[in-house]
Amino acid sequence: MPHLSYRRHRFPAPIIQHAIWLYLRFTLSYRDVEDLLAERGLDVAYETVRRWVLKFGPGIARRLRQGRPRPSDRWHLDEMVVRIAGQRMYLWRAVDHEGEILDMLVQRRRDKRAALRLMRKLLRKQGFAPKLLVTDKLGSYGSAFRHLRLTCPHDQGIRKNNRAENSHQTVRRRERKMQRFKSAGSAQRFLSIHAAVHNTFNLQRHLISRSTLRIFRAKATTDWQAAVAAA
């Protein structure tokens, strides 16, 4: 993969990288990032920050995903309602039992065809089948599961899928901050980038000691710096 190049930009690479990190790492708007940079004496318009994120974000996300270890083989699938341009749509998501975001897909329906599309994409992207699949009681999951002839157990229940339900919280916060997504394409693009950054910095700090947290945080920072390294 070619290195990211920040040539022909007014600001140096560290400033561009820091602005992108602020926007993707925290629940901030482009104007929030503009104000934070202004506090440091940097006159950067929020539209410039938006262009940086759109230009460099996908490449950074690809690098982050390539450096991630293989996720676990226990997958949780769920869907949530999102309003996009006044239309009711569904965000289908898959996470493993540790909260690692595996994939997501914005679709208009929540039927068998939509479930099949997510599961096929997930299997193709991960390259292996799960040993356990956990979903809610939506019938589309069962139909897609049987259609694909998966041999792993399929666990369905109202509260058994809390891992996937809880993972929606970060998306809801972003949706409110952005005053809802403007289109299905922009939502898919942003959430794909956001998922890679979230996986890198999601350290489950309530489950580890402070010393272990410092080690994991340093590793996440190193992974980010490697992903944004310029040529």
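Since the structure is predicted, the reported quantities are computational estimates derived from the model, not experimental observations.

Reading the values: the criteria
- Residues numbered from 1 in each chain as written.
- Predicted model: local features only at pLDDT ≥ 70, side-chain atom pairs only at ≥ 80, totals over all residues.
- Heavy atoms only, no water.
- Helix = DSSP H or I, 4+ residues; strand = E, 2+ residues; numbered from the N terminus.
- Buried < 20%, exposed > 50% of the residue type's maximum accessible area, 1.4 Å probe, protein only.
- Contact = heavy atoms within 4.5 Å.
- Areas by Shrake-Rupley, 256 points an atom, 1.4 Å probe, with all protein chains shown as cover.
- Lys, Arg positive; Asp, Glu negative; His and termini not counted.
- Charge placed at Lys NZ, Arg CZ, Asp CG, Glu CD.
- pLDDT = per-residue confidence, 0-100.
- Pairing = 2+ DSSP bridges.
- Axes fitted to C-alpha atoms, helices over the stretch in contact; angles between N-to-C directions.
- Parallel < 35°, antiparallel > 145°, perpendicular 65-115°, else oblique.
- Nonpolar A, V, L, I, M, F, W, Y, C, P; charged D, E, K, R; others polar.

Draft legend 1. Geometry of the overall build of the protein. Check the secondary structure of the protein and you find eight helices and five strands. For the protein, the succession of helices and strands along the chain, N to C, is α-α-α-β-β-β-α-β-α-β-α-α-α. Referenced to the eigenvectors of the C-alpha coordinate spread, the extents of the protein come out at roughly 55 × 45 × 35 Å. Within the protein, the proportion of its 231 residues that are buried is 45%. Within the protein, counting contacts between residues at least 6 apart in sequence, those at least 24 apart form 58% of the total. On the protein, roughly 13000 Å² of surface is accessible, and the fraction owed to carbon and sulfur atoms is 49%. Of the side-chain charges in the protein, 48 are positive and 19 negative, and the distance between the mean point of each set is 4 Å.

Draft legend 2. Local environment of the confidence of the model for the protein. Summing up the model confidence of the protein, the mean pLDDT is 90 and the portion of residues at 70 or higher is 98%. Mean pLDDT in the protein bottoms out at helix α6 (residues 162-177), which sits at 83, and peaks at helix α2 (residues 30-39), which reaches 96.

Draft legend 3. Inspection of the sheet that holds strand β1 (residues 74-84) at higher detail. Strand order in the open sheet made by the five strands is β3-β2-β1-β4-β5, with mixed pairing throughout. Either end of the sheet is taken by a strand with one partner, and the two such strands are β3 (101-107) and β5 (154-156). Mean inter-strand twist for the sheet, computed between neighbouring axes without regard to direction, equals 20°. Strand contacts of helix α4 (residues 112-126): β1, β2 (87-96), β3 and β4 (132-135), with the helix running at about 145° to β3, the strand carrying the most contacts. On the sheet, helix α5 (residues 139-148) packs against β1, β2, β4 and β5 and is oriented at approximately 175° with respect to β5.

Draft legend 4. Local environment of the pairing of β2. Where burial is concerned, most of β2 is hidden: eight out of the 10 residues are buried. Where β1 and β2 come together, 10 bridges link them in antiparallel fashion. Pairing of Leu77 across the sheet is with Ala94, part of β2. Turn length for the β1-β2 hairpin, with the two strands adjacent in sequence and antiparallel, is two residues, and the turn residue Ala85 shows positive phi of about 55°. Where β2 and β3 come together, six bridges link them in antiparallel fashion. Paired with Leu91 across the two strands is Val106, which belongs to β3. Taking the residues between adjacent antiparallel strands as the criterion, β2 and β3 are bridged by four residues, where Gly99 takes a positive phi near 95°.

Draft legend 5. View of the packing of helix α1 (residues 13-25) against helix α3 (residues 46-66). For the pair α1 and α3, the least separation of the axes is 10 Å and the interaxial angle reads 80°. The angle between the axes of α1 and α3 places the two elements in the roughly perpendicular class. Mapping the contact onto sequence places Ile15, Ile16, Ala19, Ile20, Tyr23 and Leu24 in α1 and Trp52, Val53, Phe56 and Ile60 in α3. Looking at the contact of α1 with α3 residue by residue, the classes come out as 10 nonpolar, no polar and no charged.

Draft legend 6. Examining the environment of Arg174 more closely. The residue Arg174 is located in helix α6 in this model. The buried category is assigned to Arg174, whose relative accessible area is 1%. Note: C-alpha distance between Arg174 and Trp75 (99 residues apart in sequence) is 24 Å. If we skip the residues at most four places from it in the chain, Arg174 touches Tyr23, Leu24, Phe26, Thr27, Leu28, Phe190 and His194.

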